[in-house]
Every structure is written in structure tokens, then in C-alpha cells.
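Observations on chain architecture
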Amino acid sequence: MIRIVAVGRLKRGPERELFDRYVERTRPRVDLIEIGESRGSALEIRRKDAAAILAACPEGTIVIALDEGGSSPDSQQFSTMLDSWLATGKQVSFVIGGAEGLEASVIERADARISFGRMTWPHMIVRLLLAEQIYRARAISAGHPYHRSARP
């Protein structure tokens, strides 16, 4: 099973519709766990968010942190990575922090860190990008023509 654990709630609108479209077409199923946004200082927010994120990732879960300091695989590499994580039979949880980012405890718990590049992305857009890349990765694994590589 694949799970996206994300801080904040994606409201109805075009972003949510597109997110849902990718998630509904992906196998295995992708579950979304949304964590309410915390209040307080940046440090308090990161601590509260971290506790909720870690609680949503039980022991034995493979945790993948979306973090600007992570590796930036291409779609083919990401597909291979996702295949290997799924092959373990364990739940795979991708975690997305809020506007304050991820606390060190979440980064330390992560089995891998992935970045969508050096640019800063709004955390609500990151979940949409992630949903599309998970769908693309599964399409690559299945040999589906959705992914069209520029390579010969």
C-alpha cells in the first residue's frame, strides 16, 4: 500500500481534482492522510507536525521524506525505487511537511529523501506533483504508454 502523509488540507478545486484523478488511477491504491496545520512559533509547528507525521507512519513502514536536501531521481529511477519499496510488502509512506518544513526527527526516521529539485514548491503543489509521479512510476513498471521518454 502507498500512503501520502501531508500537512494541510487540500481544498476543493482544480488542484484537488487533478490530485484525485491521479490517485484514483494508481494501483496499488494511494491513501491520503491529511494532518491539520498547527499553530505557534515555527519551532512549535515543526514539532507538532513531526509528532503527527510520525504517528501516521507505524513501525515497519518505509518512510520517504519529500525534502529539498534529498536526491532528485528522474522518473525512471523513481519507478525503480518505488518498485523496490513495494516489493518488500511493507507500507510505503511519502511524507510532506507544511510551510515550516520537516523537523529533524522526521528526516532521521526516513528511509529515503526525495526532492523535486532545488526550487521551493508550495506544499499543496508538492502533493499533486507526487501523486502524478507515483502514477507515472506505476505506468512505467506496467509498460503503459503514459510515460514517453525522450530517449531512443
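All values derive from a computational prediction rather than experimental measurement.

**A few points about helix H1 (residues 14-25)**
The terminal C-alpha atoms of H1, which comprises 12 residues, lie 17 Å apart, in line with the 16 Å expected from a rise of 1.5 Å per residue. Among the residues making up H1, those that are buried are Phe19, Tyr22 and Val23. Each buried residue of H1 lies within a common arc of 95 degrees when the element is viewed along its axis, so the set occupies one face. Summarising the geometry of H1, the exposed residues directed more than 90 degrees from the buried face are Pro14, Glu17 and Glu24. For H1, the elements touching its buried residues are strand E1 (2-7), strand E2 (30-35) and helix H5 (123-142).

**Some remarks on the pattern of salt bridges**
For the coordinates displayed, the defined rule picks out 9 salt bridges. Its salt-bridge partner being glutamate 100, residue arginine 46 comes within 4.0 Å of it at the nearest N-O pair. Linking arginine 46 in helix H2 (residues 42-55) with glutamate 100 in the loop between strand E4 (92-96) and helix H4 (104-109), this pair joins segments that are 54 residues apart in sequence. The class for arginine 46 is partly exposed, based on a relative accessible area of 25%.

**Let's talk about the nonpolar core**
Judged by nonpolar contacts, the single largest core of 28 residues is most densely connected at Leu82, Trp85, Phe94 and Ile134. For this core, the elements supplying multiple residues, two or more each, are E1, H1, strand E3 (62-71), helix H3 (75-87), E4, strand E5 (112-114) and H5. Top element by residues in this core is H5. It accounts for 8 residues. Not counting the four nearest positions on each side in its chain, phenylalanine 94 is found in contact with Ile2, Arg3, Ile4, Val5, Ile64, Leu66, Phe78, Leu82, Trp85, Leu130 and Ile134. Ile35, Ala56, Val95 and Ala110 belong to the second largest nonpolar core, which has 14 residues in total.

**Quick notes on the packing of H1 against H5**
Remark: H1 packs on H5, axes separated minimally by 9 Å, with the N-to-C direction vectors making an angle of 25 degrees. Compared by their axis directions, H1 and H5 come out roughly parallel. Viewed along their axes, H1 and H5 form a crossing whose handedness is left-handed. In contact with Glu15, Leu18, Phe19, Tyr22, Val23 and Arg25 of H1, H5 contributes Ile125, Arg127, Leu128, Ala131, Glu132 and Tyr135.

**A closer look at the UniProt feature "binding site: S-adenosyl-L-methionine" (unreviewed entry) in the chain**
Taking the UniProt record as the reference, the feature "binding site: S-adenosyl-L-methionine" (unreviewed entry) is found at Leu66, Gly97, Phe116, Gly117, Arg118, Met119, Thr120 and Trp121. Taken from the residues named earlier, the lining of the largest pocket is made up of Leu66, Gly97, Phe116, Gly117, Met119, Thr120 and Trp121. Relative to the helices and strands, phenylalanine 116 resides in the loop between E5 and H5. Apart from the residues lying within four places of it in its own chain, the contact partners of phenylalanine 116 are Leu66, Trp121, Val126, Leu129, Leu130 and Gln133. Its place among the elements puts tryptophan 121 in the loop between E5 and H5. Setting aside residues no more than four positions away along its own chain, tryptophan 121 makes contact with Phe116, Val126 and Leu129. There is a polar contact of 3.3 Å between the side chain of tryptophan 121 and the backbone oxygen of phenylalanine 116.

**Details of the pairing of E4**
In terms of burial, E4 is largely enclosed, as 5 of its 5 residues are buried. Burial of the side chains of E4 extends over both faces: Val92, Phe94 and Ile96 are buried on one face and Ser93 and Val95 on the other. Inspection of the sheet shows E3 paired to E4 by 4 bridges, in the parallel sense. The residue of E4 that forms the bridge with isoleucine 64 is phenylalanine 94. After leaving E3, the chain enters H3 and then returns to the sheet as E4, a path that is right-handed.

Calculation criteria
Residues numbered from 1 in each chain as written. Predicted model: local features only at pLDDT ≥ 70, side-chain atom pairs only at ≥ 80, totals over all residues. Heavy atoms only, no water. Helix = DSSP H or I, 4+ residues; strand = E, 2+ residues; numbered from the N terminus. Expected span 1.5 Å × (residues − 1). Buried < 20%, exposed > 50% of the residue type's maximum accessible area, 1.4 Å probe, protein only. Arc of directions from axis to C-beta. Contact = heavy atoms within 4.5 Å. Salt bridge = Lys/Arg side-chain N within 4 Å of Asp/Glu carboxyl O. Core = buried A, V, L, I, M, F, W, Y, C linked by side-chain atoms within 4.5 Å. Axes fitted to C-alpha atoms, helices over the stretch in contact; angles between N-to-C directions. Parallel < 35°, antiparallel > 145°, perpendicular 65-115°, else oblique. Left-handed = near helix turned anticlockwise from the far one by under 90°. UniProt positions renumbered as here; feature names shortened; annotations may be inferred. 1 Å grid on protein atoms, 1.4 Å probe; cavity = no way out; pocket = protein on both sides within 12 Å on 5 of 7 lines; lining within 4 Å. Polar contact = N/O pair within 3.5 Å; in protein donor to acceptor, adjacent residues only side chain to side chain. Pairing = 2+ DSSP bridges. Right-handed = clockwise from strand over helix to strand, strands pointing away.

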